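Inside the fold
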Amino acid sequence: MIGSIFLTLALVAGLASTIMYYLTFRGQENTLKIARVSYHAMAIFVIVAATLLLQAILTHQYQYKYVYEYSGSGLSLGLLISTFYAGQEGSFFLWTFFTVVFGLILQQYASKRGDLEPRVMSVYTLAASFLLMMISPMLKNPFAYIWSEPNFIQAANINPAILNMPFMQNFFFQDGQSGQSYVKMSSELHAMLVQSGIAINDFIIQGKGLNPLLQNFWMQIHPPILFMGFALSTVPFAFAISALMKNEYKEWIKQAFPWVLAGSMVLGLAIMLGGYWAYGVLGWGGYWGWDPVENSSLVPWLVGVASIHTMLVQRKSLQRHDSDGIGEFARTNLLLCILTFVLVLYSTFLTRSGILGDASVHAFTDPGKSVYIFLVILILSFTVLGLGMMLYRWKFLTKQVEPYKNLLNRELALFTGSIALMASAVIVIVGTSAPLFKTSVETKFYNDMNLPIAIIIGLLNGLSLLVKWRFTEGKEVFKKSAFSVGASVVLTILMATLGGVHGLMMNILTFASAFALFVNIEVAYKIIRGNKLMLGAYVAHIGIAVFLLGVVGSSVASDQKALELPKNEPRQAFGYTLTFKGYHPIENGQKFGFDIEVAKGNNKKVVSPVMFFSQFNNGLMKEPDIISELSKDFYVSPVGFDDGSQQQKGSQLTLNKGEAAQFEGAKITFSGFNFPKDAMNTMMSGGDFQIGAKVAVEYNGKSFQTEPLMKAAGGQKEFIPVEVKDANLKIQMEGMDASGKVNLIVTKLDGQAVMSSAPKEILSIEASVKPFINLVWTGVLVMVLGFIVSVVRRSRESLA
């Protein structure tokens, strides 16, 4: 209750601060102090409420529904703290927390820059107030009591001594299919417990726990940084609106620029930390799968980075023009800063409204009608505010600027680069929004459409540094680019011949990335002995070029192979000798590590990919293990384990979507899963669901379409096979994973044994080599370093 009170007080203080700041902007006297005090009060209330929620999590106060739903007593301290943002309520709360805290810094920043504070803070505080509305007692309140609405709790999480009391029989339910028992928690049961003198914490002794996919070190870091990026995206929006409020566009670009850089840096880092988590946990061997949740964060980042380049042009033009000019691309910059925040809100809508529940492995489930409506209101409110203010000032903003005199100037190169980034954002958002229109796109759509854009960005990255502001002679560009072009050609040839990077478009992308790399290194080398704060942009561009080279190498030159490893029988893959040595329990027997000796020459290492059955989502979880070397990773992802019992029944097949395998003269092709509507939501919430695998069988010139099923009901999983009598086959699904693979058991209907040898323990894995993967991570770190240097430089310039 006390937490809800603090959040409500914070909302009231936030609204009061918004109004007082606006009145100050309108010329009211004696309102600025009230606005500041109100903002600080809001911040204090939010910080206190966050502390209360964290304390409730750490002390296992299961009277709060949120604490029960997402935490448990068996989690380590780090994971327990991460449950703060494991659900809708907590993640909104974390976003709100960072928004409010960054607002304190923004307030100090704005108060030192003329009349900026009332304008910027009125908009910023309005955004913070909207976020507070989301976690208010009316919507997604993290302090809601577990009895506030009927909720079924597994009897295993209830104190056995209380469970046997006579009054409990009215609230006790048993699932006939699964045999599991539940207690219906409601206000009526709570009243009975209070009457009996029983505290909720003595009644509920264990929480549901944390989703196993989130039980990873990087998930303790990735979400907080992502929400920092979301919070920082509010600042450029507030600056853009504040400029429109005053109709003054010379100062805002200088004042907002450090915040745009900081927000882009933080959001970019967060996105790639999510990629690193996917690479190390999900087991599908990649760091980017064009998952809708990934995409929805990428789009505002692309728009934010696009705005950086056009803001540079406006800054430069303002230094040249007379005092009446608004600078080149002023309208573009205002629009991009507005869109960055609006697209963060749109991203939130896509991932929190339940729309992507069936399309993404980590979207949130349906939050309910009221939250859905509020999210729509949230997007519309700030879209109308931003675009409406631009329309209001459109006449003034259309003031003519001096036309370009030739095509070879830095302004046009930077603008074209921004257009390319915007084009990529449009492609990604169109594909990501496809589920809204009851359709979807394949990852090939994103790859094919973005490849030429990446080439353009790489070339423009280098070219923009070779041309001057306003005018450049063509022969001068040719002369200055000689070294970079030559070095890029050499590197492209080396990556093609030694690195295995083949394909015309990929070779061109390699050249474009290398060109950007060498041009930036050349420029950075020339200025490194001067003012090192000038290096930021070049270091960031070097990081992006290295990242692109890593993307090319790790995607094109990667190779993978499915292997079955009988225990103690060596198998060869990519020059390594792999021997499955057995498995061992870890984490008190809740998981199992499968030990594989990986030998190359005299060098031997052991990798231990992990598999375990999760009661949380009623599925088999798989975690890869990786041997990292300087030039590549050797990646081992577990697929399945046969203790020998399945070998008397038939063969185990692991197939990717579109992949086929031969069995006893039949061709068996897996074409995808049949996910009924809401299956993903139901699976993630532990409910009953059914999934089919679409399998085609070709035998003796005939084709047969089949669909073996996996049903989960009441916590029990059942596999329903199909029979193809003409081919004498029975096909049963054994499992599936997030990367889209299916595990099938294929047997002969006449009972004839396929295997004649003695049963063996067999571990099925997918081994792969990932050349140049470290360039991806190195590029990201270098890019972030460059952003940090730029933020420091532009922050100092904002006071000039």
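Residues numbered from 1 in each chain as written. Predicted model: local features only at pLDDT ≥ 70, side-chain atom pairs only at ≥ 80, totals over all residues. Heavy atoms only, no water.

The element strand E13 (residues 651-655) is largely enclosed, with a buried count of 4 among its 5 residues. In terms of strand pairing, E13 meets strand E22 (residues 742-748) through 5 bridges, oriented antiparallel. From the neighbouring strand, Leu655 faces E22, where its bridge partner is Val742. (Buried < 20%, exposed > 50% of the residue type's maximum accessible area, 1.4 Å probe, protein only. Helix = DSSP H or I, 4+ residues; strand = E, 2+ residues; numbered from the N terminus. Pairing = 2+ DSSP bridges.)

Looking now at a nonpolar patch on the surface. Residues Met1, Ile2, Ile5 and Leu9 make up a contiguous nonpolar surface patch of roughly 360 Å² in combined accessible area. Within the secondary structure, Met1 is located in the segment before helix H1 (2-25). (Patch = residues over 30% accessible without salt bridge, like charges linked within 9 Å, V, L, I, M, F, W, Y side chains within 5 Å. Areas by Shrake-Rupley, 256 points an atom, 1.4 Å probe, with all protein chains shown as cover. Salt bridge = Lys/Arg side-chain N within 4 Å of Asp/Glu carboxyl O.)

Within the structure shown, the criterion is met by 15 salt bridges. Between Asp448 and Lys444 there is a salt bridge, with its nearest N and O atoms 2.6 Å apart. Highlighted residues: Asp448 and Lys444, both in helix H18 (residues 443-466), separated by 4 residues, approximately one helical turn. Given a relative accessible area of 41%, Asp448 falls into the partly exposed group. In the salt-bridge network here, residues are joined through shared partners; they are Arg315, Arg793, Arg794 and Glu797.

On to the sheet that holds strand E11 (residues 625-628), then. Strand order in the open sheet made by the 4 strands is E4-E23-E12-E11, with antiparallel pairing throughout. Pairing within the sheet leaves two strands with one partner each, and these edge strands are strand E4 (559-566) and E11. Neighbour to neighbour, the strand axes of the sheet diverge by 20° on average, direction disregarded. Direction of pairing for E4 relative to strand E23 (residues 762-771): antiparallel, over a ladder of 8 bridges. Its bridge partner lying in E23, Glu564 is registered against Ser764. (Axes fitted to C-alpha atoms, helices over the stretch in contact; angles between N-to-C directions.)

With that settled, consider the side chain of Ser296. Following the sequence through the fold, Ser296 ends up in helix H13 (residues 292-320). There is a polar contact of 2.8 Å between the side chain of Ser296 and the backbone oxygen of Val293. (Polar contact = N/O pair within 3.5 Å; in protein donor to acceptor, adjacent residues only side chain to side chain.)

With that out of the way, let us pick up unusual backbone geometry. At His60, a residue that is not glycine, the phi angle is positive and equals roughly 55°. When you line up the elements, His60 lands in the loop between helix H2 (32-58) and helix H3 (65-70). Since its relative accessible area comes to 22%, His60 is described here as partly exposed. Despite not being glycine, Asn728 has its phi angle at roughly 60°, a positive value. With respect to the element layout, Asn728 can be found in the loop between strand E20 (722-724) and strand E21 (729-736).

Turning our eyes to something else, we now look at the side chain of Asp633. Among the secondary structure elements, Asp633 is positioned in strand E12 (residues 632-642). One buried charged side chain, Asp633, makes no salt bridge at all; its nearest oppositely charged neighbour is Lys770, positioned 8.7 Å away. Only 2.8 Å separates the side chain of Asp633 from the side chain of Tyr279, close enough to count as a polar contact. In this structure the side chain of Asp633 is engaged in a polar contact, spanning 3.2 Å, whose partner is the side chain of Ser628. (Lys, Arg positive; Asp, Glu negative; His and termini not counted.)

Bringing H2 into the picture now. Compared with an ideal rise of 1.5 Å per residue, which puts 27 residues at 39 Å, H2 spans 39 Å between its outermost C-alpha atoms and is within 8% of the ideal. Considering only its buried residues, H2 is in contact with H1, H3, helix H4 (77-82), helix H5 (88-111) and helix H6 (116-134). Looking one or two residues beyond H2, the residue adopting positive phi is His60, at roughly 55°. (Expected span 1.5 Å × (residues − 1). Contact = heavy atoms within 4.5 Å.)

Geometric values such as these leave the question of function open.
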